[in-house]
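In case you want the letters, here they are:
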Amino acid sequence: MRAIFKTAIIAAAVSTTLTAAAQHKSKTKSGSKAAKSSALISAATLANGQKVYGQSCITCHMVTGLGVPNMNPPLAGSPFVTGDKTKLIKIVLNGLSEDVEVNGQTYSNNMPSQDYLKDQDIADVLTYVRNNFGNKATAVTASEVKALRGKK
Amino acid sequence: MLSAAVVAGLLSFKCIDHKNGPAEENGQTAQKTEATVESAGLKLPAGFQATIIADNIGRARHIAVTPQGDIYVKLGRAKDGKGIVVLHEGADGKATVKSGFGNFGGTGIYIKNGYLYASSDENVYRYKLNDKNEVINPDQPELIVEGLINRRQHESKSIVLDNDGNLYVNVGAYSNSCQEKDRQRGSLGRKGCPILDSAGGIWQFKADKQKQHYGDGVRYATGLRNVVGLDWNQQLNQLFVMQHGRDQLHDIFPDLYTVKQSAELPAECMYALKKGDNAGWPYMYYDQIQHKKIMAPEYGGDGKKEAEGNFIDPAAAYPGHMAPNGLLFYTGNQFPEKYKNGAFIAFHGSWNRAPEPQAGYFVVFQPFKNGKPSGEWEVFADNFSGSQANTASGAATHRPCGLAQGPDGSIYVTDDSKGTVFKISYKK
């Protein structure tokens, strides 16, 4: 268990570095490489997602996406992140404070609603977390977010 | 390798102190020329030595050591139905697990007058001890206090006893700053913060009366957001507590605070409490850079306006978000004279500084003179995180939590991340 966890950390760290490197390259060069690991997702989407992450999620879920033990859950390797999009979008729109279990652990902090973010920003940050920290999943679109606004 | 690590350690020490430690105000540099040594992965002042006496015991929160050398550790979550682990050190410096009992997770543990007191996140129990300070009946504790509020956030109930038959229990506020919507951007503070009726303070109960509720106790001090580290100062016969200051000034009020200000503010405060004191949460926070009690932005503050109200000043202030989880007044004779009656503080380490580098994951020494903090604090035991990079990213290997003094004057430090117990001794 321990060993698996460690590997996950390393994988997450490596993927962060790689994604960052890829984005850097894509900005300075052609833009063709960023999408290598996640076809159809544009570098601009990931770049905006990373920016929103840095402004709205990073304090709690941390630079590494690993969260804080017992307090803020990890986004790296979380089934909530790579799973059902409806549920995921609602977490960001409505917040969460119900002791969810992420990979067998619970977390004591409250996640506030992030509904002040624009549809596109929520879509991009979710696409970003679904394709960073070792995660891989399909993109989230602004219209998917829009459809769930105001729905509990 | 070794020297590089030492240099990195010194750098981090310097950098934290320079940011906003009390070093500059005293016109002294906190940087000691004293050599540091590496021991059991920790960095300590010359002459000290650390050993890992136990590992992987679970989420080791607070700790109590008997005169006979038995070590009681409270686990944040019970492991195999046992929330209290009893360790005993062998001649080889390694402790073995003697027994375990108490099927509840929690934080507080304290020995007084022939009883072991321990807390869950709602209740306080006590176990009668025999003349060797062993628990007589591990399955039948007395329930001393029950039904304390636990709404997930700031849930731990730290405990300590005085010399007059009273028990003190922290009840943390289930909120960051008493906003209408907790931690929500722009949400304002609730008027006459109702949380303070049943949380956000220290409650005093009788140490020997069973099944007490809020109504049987006294709200001894209020306006304390969350206290985890606390100790009874025997010299002054007074309660000292460490408050975890509020989070997210920038996230919630981005127009009033920069990311950097939010990483550094507010101070983590040490308070010397008297009955009836009010430390001001949620209406104010202490700004250790301006040295002022500042009105909270949720209640009309702008980062500069001073707080209005009869709120006490901290006894000492430390940089923001480092999470002081353990407090211990040193009364032993083993350490050099300067440590006597001073305070050790275990800083669990920050998370709320991102994207700025994280800080903490160390044990600080705060010198005292005539019962008051005197002189700048210094990092006593560093590198619980494992490396500078781990500290910066917050991915710490160990997180210091509880502190206790052993019968020979050594101190013990628990780690609730890997479940390690460190013993630190002075060897010279």
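What counts as what
Residues numbered from 1 in each chain as written. Chains lettered and ligands numbered in written order. Predicted model: local features only at pLDDT ≥ 70, side-chain atom pairs only at ≥ 80, totals over all residues. Heavy atoms only, no water. Helix = DSSP H or I, 4+ residues; strand = E, 2+ residues; numbered from the N terminus. Rg over C-alpha atoms; globule rule 2.2 N^0.38 Å. Contact = heavy atoms within 4.5 Å. Areas by Shrake-Rupley, 256 points an atom, 1.4 Å probe, with all protein chains shown as cover. Lys, Arg positive; Asp, Glu negative; His and termini not counted. Charge placed at Lys NZ, Arg CZ, Asp CG, Glu CD. Pairing = 2+ DSSP bridges. Axes fitted to C-alpha atoms, helices over the stretch in contact; angles between N-to-C directions. Salt bridge = Lys/Arg side-chain N within 4 Å of Asp/Glu carboxyl O. Buried < 20%, exposed > 50% of the residue type's maximum accessible area, 1.4 Å probe, protein only. Parallel < 35°, antiparallel > 145°, perpendicular 65-115°, else oblique. Nonpolar A, V, L, I, M, F, W, Y, C, P; charged D, E, K, R; others polar. Core = buried A, V, L, I, M, F, W, Y, C linked by side-chain atoms within 4.5 Å.

By the naming in an unreviewed UniProt entry, chain A is Cytochrome c, taken from Mucilaginibacter straminoryzae.

1. What about the overall build of chain B?
Scanning chain B for helices and strands turns up four helices and 31 strands. For 428 residues, the compact-globule estimate of 2.2 N^0.38 gives 22 Å, and the C-alpha radius of gyration of chain B, at 20 Å, lies within 12% of that figure. With the principal axes as the frame, chain B shows a C-alpha extent of 60 × 55 × 40 Å. Taking the intrachain contacts of chain B between residues at least 6 apart in sequence as the baseline, contacts between residues at least 24 apart amount to 57%. With an accessible surface of roughly 15,900 Å², chain B has 48% of that area assigned to carbon and sulfur atoms. In chain B, 47 positive and 46 negative side-chain charges are present, and the distance between their average locations comes to 1 Å.

2. Brief notes about the sheet that holds strand β29 (residues 400–405) of chain B
All names here are of chain B. Strands sit in the order β3-β31-β30-β29 across an open sheet of four strands; the sheet is antiparallel. Each edge of the sheet is formed by a strand with only one pairing partner; in this case those strands are β3 (48–54) and β29. Taking the axes of each pair of neighbouring strands and ignoring which way they run, one obtains an average angle of 25° across the sheet. Across five bridges, the pairing between strand β30 (residues 411–415) and strand β31 (residues 420–426) is antiparallel. Its bridge partner lying in β31, Val413 is registered against Phe422.

3. What about the pattern of salt bridges?
Residue and element names in this part refer to chain B. Evaluation of the coordinates by the stated rule reveals 20 salt bridges over all chains. Here Glu298 makes a salt bridge to Arg246, at a shortest N to O gap of 2.7 Å. Of this pair, Glu298 sits in the loop between β21 (292–295) and β22 (316–318) while Arg246 is found in the loop between β17 (238–243) and α2 (249–252), placing the two residues 52 residues apart along the sequence. Overall, the relative accessible area of 4% leaves Arg246 in the buried class. Among the charged side chains, a salt-bridge network with shared partners connects Asp182, Arg183, Arg225 and Asp247.

4. Some words on the packing of helix α2 (residues 43–56) of chain A against helix α6 (residues 119–130) of chain A
All names here are of chain A. Following both chains from N to C, one finds α2 and α6 inclined at 95°, their axes separated by 7 Å at the closest point. In terms of orientation, α2 lies roughly perpendicular with respect to α6. Residues Thr45, Leu46, Asn48, Gly49, Gln50, Val52 and Tyr53 of α2 lie in contact with α6, whose contacting residues are Gln120, Asp121, Asp124, Val125, Thr127, Tyr128 and Val129. When grouped by side-chain class, the residues that make up the contact of α2 with α6 number six nonpolar, six polar and two charged.

5. Considerations on the nonpolar core
Ranked by internal contacts, the top residues of the largest apolar core, which has 45 residues, are Leu167(B), Ile202(B), Leu224(B), Leu239(B), Val241(B) and Leu273(B). By residue number, the principal contributor to this core is strand β13 (residues 166–171) of chain B, which donates four residues. Leave out the neighbours within four places in its chain, and Val241(B) touches Ile202(B), Leu224(B), Val227(B), Gly229(B), Leu230(B), Cys269(B), Met270(B), Tyr271(B), Leu273(B) and Leu327(B). Core analysis: the second largest hydrophobic core is formed by 25 residues, Leu46(A), Val92(A), Val125(A) and Val145(A) among them.

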